[in-house]
Amino acid sequence: MKVRLWGTRGSIATPGPETMRYGGNTSCVEVRGRDGSLLVLDAGTGIRRLGATLGPEVERIDLLLTHLHLDHIEGLGFFAPIFRRDLEMHIWGPASTTLDLRARLGRLLSPPLFPVRLRDLPCRLQLHDVATLDEFQVGSLAVRSALVCHPGPTVGFRITEGDASLAYLSDHEPALGAVDFPQHADWTSGFELAADADLLIHDAQYGDEEYAGRVGWGHSALHDALTFAKLARARRVVPFHYDPAHTDAELDRRFEAARQGEPLPFELVPAVEGASFEL
């Protein structure tokens, strides 16, 4: 399994000289199976650059949406492959209690927000509502989803291929409501997806000092993200979904402080746009 990061930022895209190194595009991750199967995790602004690399040899793409907040879907209309008539395009994501995935995405891809309607896309489009603890197969890649702690219907994903495993929890607040985090694993949001993962990509939007004023917003302080990774026994941890106000220099300081603390039982690899991993 090969993994590449195309967007690492949260909330809103932040292009500029102060974010060039870690990246300013919003969430998007490419996953390739050994048989060539292609999964795309979220459709933030990073998906546009990914789309520019995909030629006609790609016949099917499966897009897995964690949720439908704007920073995770705003790049969809600029993903060039969806305008190919020969492409089989599958979009997986959570429905709300009142509207299915098609109805919710149709609100984005329609006037006045976008000139092309979802129903008019020329690709061969199929939409799938993901339920909690859902499991499905895309080629050699086995996918499992579960609801996680974030405002609105939100899922995390675990992707496995043979003995290799990736957990993706881009927007996640596992410490919410815990007096002393972490508590028992069975009561911790996202644990079943992240347990013993070879690679864990996890929300780390806030500094520890910021989190107190943002409890319930659906994101993690860096310290809580690392604590969650310890609880889950992840082997390599990629902090992700950076706050738009955090510059490269600020992120450097935060990660250096994390490394200078108590020894970490995993490899810490901060998310950098363009970084790739092989599992």
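Everything that follows concerns the structure shown earlier in this document.
Since this is a predicted model, take the numbers as computed values, not measurements. Position labels on residues start from 1 in each chain and follow its written sequence. For this predicted model, a pLDDT threshold of at least 70 governs which residues receive local features, and a threshold of 80 or more governs which side-chain atom pairs are given and counted, while totals over whole chains, interfaces and linings are taken from all residues. With hydrogens and water stripped out, all remaining heavy atoms of the structure feed into the side-chain values.

Trainee: In this structure, what is going on with the overall build of the protein? I would like to understand it.
Mentor: In this text, helices come from DSSP runs of H or I with a minimum length of four residues, and strands from runs of E with a minimum of two, each type numbered from the N-terminal end. Across its full length, the protein carries six helices and 14 strands. Referenced to the eigenvectors of the C-alpha coordinate spread, the extents of the protein come out at roughly 55 × 40 × 35 Å. In the protein, which comprises 279 residues, the share counted as buried stands at 56%. Across the protein, the fraction of contacts at a sequence separation of at least 24, relative to all contacts at a separation of at least 6, is 68%. Working note: accessible area of the protein is about 12000 Å², and carbon and sulfur atoms make up 52% of it. Neither His nor the chain termini are counted; the positive set is Lys and Arg, and the negative set is Asp and Glu. By convention, charge coordinates are those of NZ in Lys, CZ in Arg, CG in Asp, or CD in Glu. Looking at the protein, you have 27 positive and 39 negative side-chain charges, and the mean spots of the two groups are 5 Å apart. Relative accessibility thresholds used throughout: buried, under 20% of the residue-type maximum; exposed, over 50%; partly exposed, between the two (1.4 Å probe, protein chains only). Any two residues whose heavy atoms approach within 4.5 Å at even a single point are treated as in contact. Only the protein chains shown count as cover for residues, with accessible areas throughout obtained via the Shrake-Rupley method and a probe of 1.4 Å.

Trainee: For this particular structure, what's the right way to read the sheet that holds strand β2 (residues 28-32)?
Mentor: To summarise the sheet geometry, strands pair through backbone hydrogen bonds and adopt either a parallel or an antiparallel arrangement. Note on pairing: two strands pair once DSSP finds at least 2 bridges between them. On the basis of which strands lie adjacent, the open sheet formed by seven strands has the order β6-β5-β4-β3-β2-β1-β14 and mixed pairing. The outermost strands of the open sheet, each flanked by one partner alone, are β6 (124-129) and β14 (276-278). The sheet shows a mean angle of 20° between the axes of neighbouring strands, taken without regard to direction. Pairing between strand β4 (residues 60-64) and strand β5 (residues 88-93): five bridges, direction parallel. In the strand pairing of β5, Leu 63 is matched with Ile 91. The sheet strands contacting helix α2 (residues 101-108) are β5 and β6, and the helix crosses β6 at an angle near 120°. Here an angle of 0 to 180 degrees is reported between the N-to-C directions of two axes, which are lines fitted to C-alpha atoms, with helices fitted over the stretch in contact.

Trainee: Would you mind going over the pattern of salt bridges with me for this structure?
Mentor: Side chains that differ in charge, positive against negative, can pair when their charged atoms come close. Should a side-chain nitrogen of Lys or Arg be within 4 Å of a carboxyl oxygen of Asp or Glu, the pair is scored as a salt bridge. This model, assessed by the stated rule, comprises 15 salt bridges. The residue Asp 86 makes a salt bridge to Arg 84 at a minimum N-O spacing of 3.1 Å. Note that Arg 233 and Asp 196 form a salt bridge whose closest N and O atoms lie 2.9 Å from each other. One end of the pair, Arg 233, is in the loop between α5 (222-232) and β12 (236-240); the other, Asp 196, is in the loop between α3 (191-194) and β11 (199-203), with 37 residues separating them in the sequence. By relative accessible area, Asp 196 is classed as partly exposed at 31%.

Trainee: Looking at this model, I keep getting lost on the nonpolar core. Mind explaining?
Mentor: Burial of nonpolar side chains together is a common tendency in soluble globular proteins. Put simply, a nonpolar core is a bunch of buried Ala, Val, Leu, Ile, Met, Phe, Trp, Tyr and Cys residues held in one set by side-chain atoms that sit within 4.5 Å of each other. Val 29, Val 31, Ile 159, Leu 166 and Ile 201 are the most contacted members of the largest nonpolar core, which totals 59 residues. Of all the elements, α5 adds the most residues to this core, at seven residues. Not counting residues up to four positions away in its chain, the partners in contact with Val 29 are Val 3, Arg 4, Leu 5, Leu 39, Val 40, Leu 41, Tyr 168, Ile 201 and Phe 240. Listed in part, the 30 residues of the second largest apolar core include Val 40, Leu 65, Met 89 and Leu 127.

Trainee: Looking at this structure, how should I read the side chain of His 90?
Mentor: Looking at where His 90 falls in the secondary structure, it is placed in strand β5. Polar contact is the term for a pair of N or O atoms within 3.5 Å; when the atoms are in protein, one must be able to donate a hydrogen and the other to accept it, and sequence-neighboring residues count only if both atoms are side-chain atoms. In this structure the side chain of His 90 is engaged in a polar contact, spanning 2.8 Å, whose partner is the side chain of His 128. The contact partners of His 90, leaving out residues within four places of it in the chain, are Arg 60, Ile 61, Asp 62, Leu 63, Gln 126 and His 128.

Trainee: What am I meant to see in the packing of aromatic side chains here?
Mentor: What describes a pair of aromatic rings is the distance from one ring centre to the other and the angle between the planes of the rings. Within 6.5 Å between ring centres, the rings of Phe, Tyr and Trp (the latter by its six-membered ring) count as paired, and their orientation is classed by plane angle as stacked under 30 degrees, edge-to-face over 60, tilted in between. The tally for this structure, following the rule as stated, stands at six aromatic pairs. Taken together, a centroid distance of 5.6 Å and an interplanar angle of 80° make the contact between Tyr 22 and Tyr 242 edge-to-face. With a gap of 220 residues between them, Tyr 22 in the loop between β1 (2-7) and β2 and Tyr 242 in the loop between β12 and α6 (248-260) connect regions that are remote in the sequence. Judged by relative accessible area, which is 7%, Tyr 22 ranks as buried. Ring centres of Tyr 242 and Phe 255 lie 6.0 Å apart, and the angle between their planes is 65°; this geometry places the pair in the edge-to-face category. Placement of Tyr 242 in the loop between β12 and α6 and of Phe 255 in helix α6 is noted, with a sequence separation of 13 residues between them. Accessibility assignment for this pair places Tyr 242 and Phe 255 in one class, buried. In this scheme, Lys NZ or Arg CZ marks a charge over a ring once it lies within 6 Å of the ring centre and within 35 degrees of the ring normal. Across from the ring centre of Trp 6, 4.3 Å away, lies the NZ or CZ of Arg 4, which sits over that ring.

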